[in-house]
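Analysis of the macromolecular model
Next come the chains, spelled out residue by residue.
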Amino acid sequence: MGTARRGLRVVVIGGGVGGLCLAQGLRKAGIDVSVHERDGSIRGRNQGYRLHISPDGEKALRECLPERAQALLTATANSRYGFGMAIYDEHLAPQWTPEMSDPRAGAADKVDAVDRVTLRRVLLAGIEDAVHFGKRYTRHEVRPDGTVAVRFADGSVDTGDVLVAADGANSVLRRAQGFAEPRDLGVRTIFGRIPLTGRLRAELPEILQDRFTWVIGSDEHKLGLMPMVFRTDPATAAARLWPEQALESTEDYFMSVFSMHRTATGMPDEQFLALSGAELWRLVRERTTGWHPHLRAVLEYADIPETFPVAVRACAPIEPWAPGPVIPLGDAVHAMPPSGGVGANTAVRDAATLTRELLAADRGEQPVAAASERYQAEMLGYATAAVATSLQVARWSLKRIDFDESVLTANAAG
């Protein structure tokens, strides 16, 4: 077994949650890493707002992050989650609700929900020198010596021993490797942000403020309301724990997810996906005119510009990449519907797993190809289970999705 470090260099395409978590893990392990993100800044595009963090996700984040960043993550996490889920019809009549348990429920420092932008800023903290925004990947080549040269639209080139595809469900790298695009599940979703103002808090019963509320309408429209109540305001937490990190002050809010089948939008996809925030909320209000006044009240407080549509897709079954210096991570390999709340958790678990394997390669304990193979073998196990869970929850909650789950069964049998 080797003892000297090889000095591996890793190039990551994509500065989302998975890519930044990997960069933190690699930096913590003493491995040289650079991250290239096509967006001009960390808030370059809408990607959702609140993220559920599972026990596995929290464990992976803590494994990758240095202690100072962990403290900032804990301080800015959601303080009120842990009450499970409440399911209603559109008139707020209680419906059958699956039991949910979390071993961390009583822990004062648990991290079971976070604000996505705040999380990305925490993941960026301390590695700003390694992250480059406004860098659009165009192509790469594996050289005879096994290194990878990566080219960008601005003409620049970066070189490493490993290239990680962490560029999301629309991965250009995935496409370049010849893999199929994620499957369209036929679900169309409107993501929104609803500030939890004092007036709104006063209007709503507590049970609609302290847990994930899922409303299943009789006409197949669904509304999810997920509260994000910061344990400490991000700006205040950063000033106390890491003054150099100027996090933005952020008010508490609901993340809202309004879903329907594509045939229920009443318009072609091109039109629906091009609707403005105001047009999307007009559609939501039209579809909920007969809903309970409490639900209507929540919708009236929507932050209209912070609203966007999504066509929900999934990689099912997951396709493994050939072992070698080009390695997939996160949605680039296992995109899944948001219904299970496990997509980001699976991505950070990827980051922790890949960090361990690349550290073993850097120590000379295995070649990069073996690190890739071992990582993918482990990832395929938990990611396949995560995709299956997300699809099952989607079918149960949304009733109608365009996917035959027998594909997963057949793939597992094969």
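If you're wondering where the values come from, they're calculated on a predicted model, not measured in any experiment. (Residues numbered from 1 in each chain as written. Predicted model: local features only at pLDDT ≥ 70, side-chain atom pairs only at ≥ 80, totals over all residues. Heavy atoms only, no water.)

**Considerations on the overall build of the protein chain**
Each helix and strand in the protein chain was counted, giving 14 helices and 16 strands. For 414 residues, the compact-globule estimate of 2.2 N^0.38 gives 22 Å, and the C-alpha radius of gyration of the protein chain, at 21 Å, lies within 12% of that figure. Dimensions along the principal axes, computed over C-alpha positions, put the protein chain at roughly 65 × 50 × 40 Å. Relative to its 414 residues, the protein chain shows a buried fraction of 55%. Long-range contacts, defined here as pairs at least 24 residues apart, represent 75% of the contacts in the protein chain between residues at least 6 apart. (Helix = DSSP H or I, 4+ residues; strand = E, 2+ residues; numbered from the N terminus. Rg over C-alpha atoms; globule rule 2.2 N^0.38 Å. Buried < 20%, exposed > 50% of the residue type's maximum accessible area, 1.4 Å probe, protein only. Contact = heavy atoms within 4.5 Å.)

**Observations concerning the packing of helix α12 (residues 343-362) against helix α13 (residues 368-398)**
Contact geometry for α12 and α13: axes closest at 9 Å, N-to-C directions at 160 degrees. Taken together, the axes of α12 and α13 lie roughly antiparallel to each other. By crossing handedness, the relation of α12 to α13 is classed as right-handed. Between α12, through Thr346, Arg349, Asp350, Thr353, Leu354, Arg356, Glu357, Leu358 and Ala361, and α13, the contact on the second element is made entirely by Val368, Ala371, Arg374, Tyr375, Glu378, Met379, Tyr382, Ala383 and Ala386. Class assignment of the residues belonging to the contact of α12 with α13 gives a composition of 10 nonpolar, two polar and six charged. (Axes fitted to C-alpha atoms, helices over the stretch in contact; angles between N-to-C directions. Parallel < 35°, antiparallel > 145°, perpendicular 65-115°, else oblique. Left-handed = near helix turned anticlockwise from the far one by under 90°. Nonpolar A, V, L, I, M, F, W, Y, C, P; charged D, E, K, R; others polar.)

**Examining the nonpolar core**
One finds Val10 and Val164 to be the most contacted residues of the largest nonpolar core, which totals 99 residues. Per-element tally for this core: the top contributor is α13, with 11 residues. Each of domain 1 (9-82 + 108-184 + 315-410) and domain 2 (185-312) gives at least three residues to this core. With residues up to four places along the chain from it excluded, the contact list for Val164 reads Val10, Val11, Val12, Ile13, Leu22, Leu173, Ile327, Leu329 and Leu354. Core analysis: the second largest hydrophobic core is formed by 29 residues, Leu208, Phe258, Leu280 and Trp291 among them. (Core = buried A, V, L, I, M, F, W, Y, C linked by side-chain atoms within 4.5 Å. Domains from an automatic or database assignment.)

**Considering the domain arrangement of the protein chain**
Parsing the protein chain into structural domains produces domain 1 (9-82 + 108-184 + 315-410) and domain 2 (185-312). Between domain 1 and domain 2, the C-alpha centre-to-centre distance is 25 Å. Of the roughly 3,900 Å² buried between domain 1 and domain 2 on both sides combined, carbon and sulfur atoms contribute 56%. Linking domain 1 to domain 2 there are six salt bridges. Across the pair Glu248 and Arg121 runs a salt bridge, and its minimum N-O distance is 3.4 Å. Counting across the domain 1 and domain 2 interface gives 25 residue pairs in polar contact (both at pLDDT 80 or more). Those elements that provide at least two residues to the side of domain 1 that touches domain 2 are α3 (67-75), β5 (113-115), α4 (116-124), β11 (183-195) and α13. The element that contributes the greatest number of residues to the side of domain 1 that touches domain 2 is α3, accounting for six residues. In terms of residue class, the side of domain 1 that touches domain 2 is built from 17 nonpolar, 10 polar and 14 charged. (Buried area = accessible area lost by both parts, 1.4 Å probe. Salt bridge = Lys/Arg side-chain N within 4 Å of Asp/Glu carboxyl O. Polar contact = N/O pair within 3.5 Å; in protein donor to acceptor, adjacent residues only side chain to side chain.)

**A look at the pattern of salt bridges**
Considering all chains together, one arrives at 26 salt bridges under this definition. Ionic pairing is found between Glu58 and Arg62, a salt bridge with its closest N-O pair at 3.1 Å. Placement of both Glu58 and Arg62 in helix α2 (residues 55-64) is noted, with a separation of four residues, approximately one turn of the helix. Taking the relative accessible area as the measure of exposure, Glu58 reaches 9% and is therefore buried. A single network of salt bridges, built from pairs that share partners, joins Glu58, Arg62, Asp102 and Arg104.

**Examining the sheet that holds strand β2 (residues 32-37)**
In space, the five strands of this open sheet follow the order β6-β2-β1-β10-β16, with parallel pairing throughout. Looking at strand neighbours, the two that pair on one side only are β6 (131-133) and β16 (326-328), the edges of this open sheet. Pairwise comparison of adjacent strand axes, ignoring direction, gives a mean angle of 20 degrees for this sheet. (Pairing = 2+ DSSP bridges.)

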